Amino acid sequence: MTTTPPPETVAALLPEIAELIVSALNLEMTPAEIDADAPLFGEGLGLDSIDVLEISLVVSKRYGFQLRSDNEDNVRIFSSLRALTAHIASQRSQ
Amino acid sequence: MSLRPLISRHGLDDTLAWRADGPVSVRRFLAESSALARQLPAGDCLLNVCTDRYRFAVGFVAGLLAGKTSLQPASQSAETLAQIEAAHPGTVCLRDAPFAAGTLPCVDFPDLSAVTPEEIREIPGIAAERVVAILFTSGSTGLPQAHRKTWGKLVDNAEAGARALGLVETPMNIVGTVPAQHSFGFESTFLLALHGGCRFWAGKPFYPQDIAAALAVVPPPRLLVTTPFHLSTLLAADIPLPPLDLLLSATAPLSADLAGRAEARCGAPVREIYGSTESGQLASRRTLAGPRWQLLPGVRLSSDGDQTCAEGGHVEGRVPLGDRIDCHDDGSFSLLGRHSDLINIAGKRTSLAWLDHQITSIAGVVDAAFFLPDDDSIDGVTRLTAFVVAPSLDRAQLLQALRQRIDPVFLPRPLSFVDSLPRNSTGKLPRQALLALHEARKPHD
């Protein structure tokens, strides 16, 4: 069940998820340089499906839940850093 | 003209596929395909981009019945789609999810639940000589290279694959993580179901939990068709998996370490397929049994110096291979490495020459070169680097222009702006010089 986490919870978790993306994908940028509301795919950060799997693995290890594509809107979850962070905040078990 | 059946090793009431709502019989599959064939607009070619494997299969067979050729490009970039449209006027795109098809007319996959399977009385035949699919590779000139596949050779490929994997004796239920349009997924999920007696799961599971869920839905015996990258992610997730009977991997070399862990974890042999878009599938091996590959029935290799060619069996003509190969007296062979210009990232193949052609064609780029660092991530994915001389462009502009032309997996990471490239007196770029530039720019850790 997805519950919407409070915006301040999401905002507090943002830097941690940005750091996780940059380190998991060896991006040539600092976590602070990721625009929280820009698309992660295409125009924005330019991630692809390989990156998504790598992020999903790190997320499952650190936050104790598995990403699924059939019961969640995948496109929405990875639409931005803020959306991904909100999803993690609502699903995390650790 | 000789006819080969559309489906073999299955009767009309046998299960061909598993969808979330249950099994689908051959009879229903044919009824849905015939209904879709009647709804497709005129035109010789079909660009079938359905992500669901079952819908791809219905679309492909609808095209077969309507006399259309299936176009299966290596990339779905705007540039590639425009080139394919120019070369094949009248192409229609069939999609089951939002898809940027440029100026191609699109058909959204329709609801076919109201068809009447009882009207299907037989499995139709298709002319063996007919070109039914064109698979594309990215040519070094910048234009997609077309590889035409006749129905008869595709059927032969599936039968040879099924025999080599023991599926003739034990047909399995296939869950595939690879797209049905790519040659490996096309041959080892879709065609193995049509002509290897197997049945396939309709979806294309992505996350480890999706793969586990799909495997749990289909009954045993289960065959997982995947890649080293997906397999390594699946094992790393460390989630419960139902018992498997066979794992099949291709698109990149699989390490003995990963194969060993997969066998221990899944309780099933891990086999690899060797082949290419040009040649179809050529050989297989059990990874843990050693480096030697066994040719599929009917396939022969011949070498001329450094170049090995495949022919015979289901191979169309005599096809030069992209690998350096050592042929052994017992008919097996070992792979010695790629011919240097060809690269493979996450199962997508291209050449450095093609990528260089793409980047240097962008207005504002004075000089540029792609570079593939030595593989330091076994079973992972190595990323490309590009060095570019483009004083008038910034990073975002250049990446945006590249994205129009090349598949996202080939986007350089990092993209390094330099004042000049280390070309030698003949204008060539020795790999050693690029390697030195790469090392000099690497962040120290």
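Residues numbered from 1 in each chain as written. Chains lettered and ligands numbered in written order. Predicted model: local features only at pLDDT ≥ 70, side-chain atom pairs only at ≥ 80, totals over all residues.

Colleague: Explain the nonpolar core here, please?
Modeller: Nonpolar side chains in soluble globular proteins generally cluster together in the buried interior. Residues and elements named next belong to chain B. Ala17, Ile174 and Ala193 are the most contacted members of the largest nonpolar core, which totals 123 residues. Counting residues per element, this core draws most heavily on helix α2 (residues 53–65), which supplies 8 residues. When neighbours within four sequence positions are excluded, Ala17 is seen to be in contact with Val24, Phe29, Tyr54, Ala57, Ala193, Arg199, Phe200 and Ala202. By size, the runner-up hydrophobic cluster in this structure holds 17 residues, among which are Trp354, Leu355, Ala368 and Phe370. (Core = buried A, V, L, I, M, F, W, Y, C linked by C-beta atoms within 7 Å. Buried ≥ 20, exposed ≤ 12 C-beta atoms within 10 Å, placed from the backbone. Helix = DSSP H or I, 4+ residues; strand = E, 2+ residues; numbered from the N terminus. Contact = placed C-beta atoms within 7 Å.)

Colleague: Would you mind showing me how to read the pairing of strand β4 (residues 45–48) of chain B here?
Modeller: In regular strands, side chains alternate between the two faces of the sheet. Residue and element names in this part refer to chain B. Burial along β4 is two-sided: Cys45 and Leu47 facing one way and Leu46 and Asn48 facing the other are all buried. Pairing of β4 with strand β5 (residues 69–72) involves 3 bridges; the strand directions are parallel. Its bridge partner lying in β5, Leu47 is registered against Leu71. Crossover connection from β4 via α2 to parallel β5: handedness right-handed. With 3 bridges joining them, β4 and strand β6 (residues 92–95) adopt parallel strand pairing. Residue pairing across strands places Leu47 opposite Cys93, the latter belonging to β6. (Pairing = 2+ DSSP bridges. Right-handed = clockwise from strand over helix to strand, strands pointing away.)

Colleague: I keep staring at the sheet that holds strand β18 (residues 300–304) of chain B and nothing clicks. Help me out?
Modeller: Backbone-to-backbone hydrogen bonds join strands into a sheet, with any given pair of strands oriented parallel or antiparallel. Residues and elements named next belong to chain B. Strands sit in the order β18-β19-β20 across an open sheet of 3 strands; the sheet is antiparallel. The sheet terminates laterally at β18 and β20 (319–320), the two strands that pair on one side only. As paired elements, β18 and strand β19 (residues 307–311) share 5 bridges and run antiparallel to each other. In the sheet register, Ser303 faces β19, and the bridge partner there is Thr308.

Colleague: Help me out: how do you make sense of the domain arrangement of chain B in this one?
Modeller: Where the parts come together, the accessible area they lose is often given as the size of the interface. Residues and elements named next belong to chain B. As far as domains go, chain B holds domain 1 (3–338) and domain 2 (342–441). Of the residues lining the interface, 23 residues belong to domain 1; the matching set on domain 2 comes to 20 residues. At the level of elements, α3 (78–87), β9 (131–138) and α7 (228–237) are the ones that each hand at least two residues to the side of domain 1 that touches domain 2. Counting residues per element, the side of domain 1 that touches domain 2 draws most heavily on α7, which supplies 3 residues. Looking at side-chain class alone, the side of domain 1 that touches domain 2 contains 8 nonpolar, 13 polar and 2 charged residues. (Domains from an automatic or database assignment. Nonpolar A, V, L, I, M, F, W, Y, C, P; charged D, E, K, R; others polar.)

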